[in-house]
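Coordinate analysis (summary)
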Amino acid sequence: ALKRIDQTIPDVHDAAKLYLSRANMQKDYLNRTMGVVIGQWGNDTRQAVYQGWPLDAQGVPPDSSKNKYTITFLPGQLPNYRFFWSITMYGLPERLLVPNPIQRYSIGSNSPDLKIAADGSMVIYLQKDSPGADNEGNWLPAPDSPFSAVLRVYGPGEAEQAGEWKAPALERVK
């Protein structure tokens, strides 16, 4: 069972099936277990939706000891929400928050220094070292190891609840 769970984790890009009621999930024991393994205490999709990046755009698990990454939201591509959205960084294999010099463990709509470009796009930097003073407001510090980043949208819009909205890819910086 543990082997099957480990094999399934990279295929979970949208947690909508992981946090339903017992009545809705019935005997879907794999997804019920995945909900606990990936993120215990998840909410129903009416309250929050979760998306992650188990793989980068090249299909490889992210590792900030080897690469720097960005997530670029194009104009109009930010999630719709009533409350807020955030991306949280976890080190692997522990799945714990990542200690870092600026004490930032998540970044999102409530981050005071987050910068949106004049065209409405926004770049989030996921890397172990600062991307430079001009970009530090959009930096989510990563560990010197593999990591997991999770996007949460609280009070999601209809497209987010229906699974029609997708987060942009996790891109390696060249």
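So, here is what we can say about the structure in this document.

Parameters at a glance
Residues numbered from 1 in each chain as written. Predicted model: local features only at pLDDT ≥ 70, side-chain atom pairs only at ≥ 80, totals over all residues. Heavy atoms only, no water. Helix = DSSP H or I, 4+ residues; strand = E, 2+ residues; numbered from the N terminus. Buried < 20%, exposed > 50% of the residue type's maximum accessible area, 1.4 Å probe, protein only. Contact = heavy atoms within 4.5 Å. Areas by Shrake-Rupley, 256 points an atom, 1.4 Å probe, with all protein chains shown as cover. Core = buried A, V, L, I, M, F, W, Y, C linked by side-chain atoms within 4.5 Å. Pairing = 2+ DSSP bridges. Phe/Tyr/Trp six-rings, centres within 6.5 Å; stacked < 30°, edge-to-face > 60°.

Below, the discussion takes up the overall build of the protein. If you tally the helices and strands in the protein, you get four helices and nine strands. The order of helices and strands in the protein, counted from the N terminus, is α-α-α-β-β-β-β-β-β-β-β-α-β. Buried residues in the protein amount to 41% of all 174 residues. Long-range pairs, those at least 24 residues apart, make up 69% of the contacts in the protein with a sequence separation of at least 6. When the accessible surface of the protein is split by element, carbon and sulfur atoms take 51% of a total near 9900 Å².

Here we come to the nonpolar core. Core analysis: the largest hydrophobic core is formed by 23 residues, its most contacted members being Ile87, Ile124 and Leu126. Those elements giving two or more residues to this core turn out to be β2 (69-73), β3 (81-91), β6 (122-127) and β8 (147-156). Among the elements that take part in this core, β8 stands out by supplying four residues, more than any other. Leave out the neighbours within four places in its chain, and isoleucine 87 touches Trp53, Ile71, Phe73, Tyr105, Ser106, Ile107, Ile124, Leu140, Ala149, Val150 and Leu151.

Now for the pairing of β3. The side chains of a regular strand alternate, first on one face of the sheet and then on the other. Examined bridge by bridge, β3 and β8 share nine bridges and lie antiparallel to one another. Bridge pairing in β8 places tyrosine 81 opposite proline 156. Here three bridges tie β3 to strand β5 (residues 106-108), and the two strands are oriented antiparallel to one another. Its bridge partner being in β5, serine 86 is matched across the sheet by glycine 108. In terms of strand pairing, β3 meets strand β4 (residues 96-97) through two bridges, oriented antiparallel. Among the inter-strand pairings, glycine 91 is bridged to a residue of β4, identified as leucine 96. Between the end of β3 and the start of β4, which pair antiparallel, lie four residues, with arginine 95 showing a positive phi angle near 60°.

Moving on: the packing of aromatic side chains. Counting across every chain of the model gives three aromatic pairs. Here tyrosine 69 and phenylalanine 147 contribute two aromatic rings whose centre-to-centre distance is 5.5 Å and whose plane-to-plane angle is 75°, an arrangement assigned as edge-to-face. Of the two residues, tyrosine 69 is situated in strand β2 and phenylalanine 147 in strand β8; the sequence distance between them amounts to 78 residues.

In short, geometric facts, not functional conclusions.
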